[in-house]
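The chain contents come next:
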Amino acid sequence: MKLTTFLTRLSLKHRIIVISVFSSAMALFLSATLIIAGDYMQARERLVQSASVLANIVSYNAGTALAFRDRTAANDSLSMIGNYPHIIEATILSNEGVVFGVFKSPHSRHQKLQSAYSETDTTLAQSSSKQRVSFTGVSQFTDDFLEYATPIIFDGKQQGIFSLRIDLAGLQSRSLSLLGAVFISFILSIFLVYGMSRKLQKAVTKPIDKLANAFNDVSINKNYSLRLKNQTADELGKLADG
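Cut-offs applied
- Residues numbered from 1 in each chain as written.
- Predicted model: local features only at pLDDT ≥ 70, side-chain atom pairs only at ≥ 80, totals over all residues.
- Heavy atoms only, no water.
- Helix = DSSP H or I, 4+ residues; strand = E, 2+ residues; numbered from the N terminus.
- Buried < 20%, exposed > 50% of the residue type's maximum accessible area, 1.4 Å probe, protein only.
- Contact = heavy atoms within 4.5 Å.
- Areas by Shrake-Rupley, 256 points an atom, 1.4 Å probe, with all protein chains shown as cover.
- Expected span 1.5 Å × (residues − 1).
- Bend = angle between axes of the 7 residues up to and from the residue.
- Pairing = 2+ DSSP bridges.
- Axes fitted to C-alpha atoms, helices over the stretch in contact; angles between N-to-C directions.
- Patch = residues over 30% accessible without salt bridge, like charges linked within 9 Å, V, L, I, M, F, W, Y side chains within 5 Å.
- Salt bridge = Lys/Arg side-chain N within 4 Å of Asp/Glu carboxyl O.
- Lys, Arg positive; Asp, Glu negative; His and termini not counted.
- Charge placed at Lys NZ, Arg CZ, Asp CG, Glu CD.
- Phe/Tyr/Trp six-rings, centres within 6.5 Å; stacked < 30°, edge-to-face > 60°.
- Parallel < 35°, antiparallel > 145°, perpendicular 65-115°, else oblique.
- Left-handed = near helix turned anticlockwise from the far one by under 90°.
- Nonpolar A, V, L, I, M, F, W, Y, C, P; charged D, E, K, R; others polar.

**Q** Outline the overall build of the protein, listing residues and values.
**A** For the protein, the helix and strand inventory stands at 8 helices and 5 strands. If you list the helices and strands of the protein from N to C, you get α-α-α-β-β-α-α-β-β-β-α-α-α. For the protein, with 242 residues in total, the buried portion stands at 31%. Sequence-distant contacts, at least 24 apart, represent 60% of the contacts inside the protein between residues at least 6 apart. Accessible area for the protein stands at about 15,300 Å²; split by element, carbon and sulfur atoms hold 59% of it.

Shown next, in the form of structure tokens:
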């Protein structure tokens, strides 16, 4: 059933209420969608910036270890990664793709993600090292994590690549919380609009009801001397004066 057909079957009072609530609901839905989408995109950008800062610190500390092929020192440079509970894993690779240092989160969720991607997935760092492409820092999002990779520079030369994967569960949880808050606000706003519409529609329907009753009185009782008191300055008021 078309909306216009549905509206024609309603009384004027209910028609005004439905139009007000529907219009407000559409405007609120559009605003909520823009707010949620905008917040999610900004959160992704902030996450990439945070990953970049951390990656630059670790790659700076790992430069010497990689230049001298010191695996122990390379792993030591990853020790600070353990202070970030949202990091799934971090890897230090040589330009040839050889692994010199690895950090893997002990968190059960992260271990499941590591197992899920270990056999089928090639890391961003590995693909970059195989192509021997020099870069300043690249990132890519999957359904479960953000991967960020940056070159390790020592003495002005690229010695290898550092990459890390960051769990997106926190970002997704934030988005769901925001969605819940927006949904509650949406429902409360609809009820508020409905209540206001019920009250404000009387400003339109009450003069029309009086005018309709007067027409019925004239038609049924032949009371041609009946005059309506004009209480509005709009088109209905002009009709009452006529």
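Now that the structure has been shown, the text picks up again.
**Q** For helix α2 (residues 12-67), give the residues involved together with the corresponding values.
**A** Here α2 is 56 residues long and its end C-alpha atoms lie 81 Å apart, about the 82 Å a rise of 1.5 Å per residue gives. Considering bend angle alone, the principal kink of α2 is centred on N61 and spans about 35°. After α2 finishes, the residue R69 shows a positive phi value of roughly 55°.

**Q** Quick one: what's the story with the sheet that holds strand β4 (residues 145-154), residue by residue and with numbers?
**A** In space, the 5 strands of this open sheet follow the order β2-β1-β5-β4-β3, with antiparallel pairing throughout. One side of each edge strand has no neighbouring strand; the edge strands of this open sheet are β2 (99-104) and β3 (138-141). Along the sheet, successive strands turn relative to each other by an average axial angle of 15°, direction set aside. The pairing of β4 with strand β5 (residues 157-167) spans 10 bridges and is antiparallel. Along β5, the bridge assignment pairs Y148 with L164. Sheet strands in contact with α2 are β1 (87-94), β2, β3, β4 and β5, and its direction is about 35° off that of β4.

**Q** Residue-level account of a positive patch on the surface, with values.
**A** A cluster of basic residues, K13, R198, K199, K202 and K206, forms a positive patch at the surface. Listing elements by their share of the positive patch, those giving two or more residues are α6 (169-200) and α7 (202-221).

**Q** A description of the packing of aromatic side chains should follow, citing residues and the corresponding values.
**A** Tallied over the full model, the rule gives 1 aromatic pair. For the pair F68 and F154, a centre-to-centre distance of 6.3 Å together with 65° between the ring planes defines the contact as edge-to-face. Of this pair, F68 sits in the loop between α2 and α3 (71-76) while F154 sits in strand β4, and the two are 86 residues apart along the sequence. Since its relative accessible area comes to 62%, F68 is described here as exposed.

**Q** Before we move on, could you go through the packing of α2 against α6 and cite the residues and values that matter?
**A** Contact geometry of α2 with α6 gives a least axis separation of 10 Å together with a crossing angle of 160°. Here α2 is positioned roughly antiparallel relative to α6, judged by the angle of their axes. As for the relative orientation of α2 and α6, their crossing is right-handed in sense. Its residues placed into classes, the contact of α2 with α6 shows 17 nonpolar, 5 polar and 5 charged.

**Q** Residues and numbers for α6, please.
**A** The first and last C-alpha atoms of α6 sit 46 Å apart over 32 residues, in line with the 46 Å expected at 1.5 Å per residue. Looking at α6, one finds that the buried residues are L171, S175, V182, I190, V193 and S197. Residues of α6 that are buried in the fold lie against α2.

**Q** Lay out the pairing of β2 with the relevant residues and their values.
**A** Where β1 meets β2, 5 bridges bridge the pair, whose relative direction is antiparallel. Residue I92 lies in a different strand from β2, and its bridge partner there is G101. Between β1 and β2, which follow one another and run antiparallel, lie 4 residues, and G97 among them has a positive phi close to 90°.

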